[in-house]
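Survey of secondary and tertiary structure
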Amino acid sequence: MILNLPTTPDRPGRSTYPHLEEVAAGRPFDQVGVDFCPSQPTKQRGLTHLVLYPGVINDDADEFFAWGYCWLLAAAMNEATGWPYGLVERWREGAWEWTHVGVIIPAGCFLDIRGCHDRDDLTAKLVTAYGTPTRIRTGTFADLRQAMQMPEDTTPDWWLGTLREPILTDVVRYFAAHLLTQHARRETA
């Protein structure tokens, strides 16, 4: 599998995650706690402050990337691979409403912060959880933009502008790379 992880061709030898590397000061990235203060509370626990450790999938990472800011991780994975978005939608009040997003890997599975899922199995679990018809559809950026009700002139890199500090972008990209690497290892095992 080939991943197009962020590079800096204009500065050979520079880290893919320069801001994270600077803060880490030689420590492993997974030991560097980075504060995230999202503009809106997360959906499950209502958090407005989280500490994320790059690549560490703990309660805060799950809360952030599964309950409110999944689109950041999906956008970073899409940026790295070009894989389409996987839009989780439920039927509500006579229309499909998006509730979560990940990416669809070439084998057709859904990948998000919780790993790789068979779409039929995940759909069945969500139907039970939501108590309403649910689907996971493959989508383009235009589909995601429409689901999130973003203006039509929004560009695919819009998510970069939502993060106030460059280190936050590094952390999201690092999580994406971590999940993609884990997935690649499982595919080759």
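Residues numbered from 1 in each chain as written. Predicted model: local features only at pLDDT ≥ 70, side-chain atom pairs only at ≥ 80, totals over all residues. Heavy atoms only, no water.

Here we look at unusual backbone geometry
Applied cut-off: Strands here are runs of E lasting at least two residues and helices are runs of H or I lasting at least four, both read from the DSSP assignment and numbered beginning at the N terminus.
One non-glycine residue with positive phi stands out, namely E93, at about 50 degrees. For E93, the position within the fold is in the loop between β3 (85-92) and β4 (95-104). For Q149, which is not glycine, the phi torsion reads 55 degrees and is therefore positive. Structurally, the position occupied by Q149 is in the loop between α5 (141-147) and α6 (166-188).

Regarding the layout of surface pockets
For the record, the criterion: For cavity detection a 1 Å grid was placed over the protein atoms alone, and a set of points counts as a cavity when a 1.4 Å probe fits there but cannot get out; an open set counts as a pocket when protein lies on both sides within 12 Å along at least five of seven lines, with lining residues being those that have an atom within 4 Å of a point. Grid points are joined across faces, edges and corners, and a volume is the space filled by probe spheres set on the points. The residue classification treats Ala, Val, Leu, Ile, Met, Phe, Trp, Tyr, Cys and Pro as nonpolar and Asp, Glu, Lys and Arg as charged. All others, Gly included, are polar.
A volume near 790 Å³ is recorded for the largest pocket. Contributing to the lining of the largest pocket are 31 residues, with A66, W98, T99, H100 and Y130 lying nearest its centre. For the lining of the largest pocket, the element with the highest residue contribution is β4, accounting for five residues. Here the residues of the lining of the largest pocket sort into 15 nonpolar, eight polar and eight charged. Empty space within the second largest pocket amounts to approximately 280 Å³.

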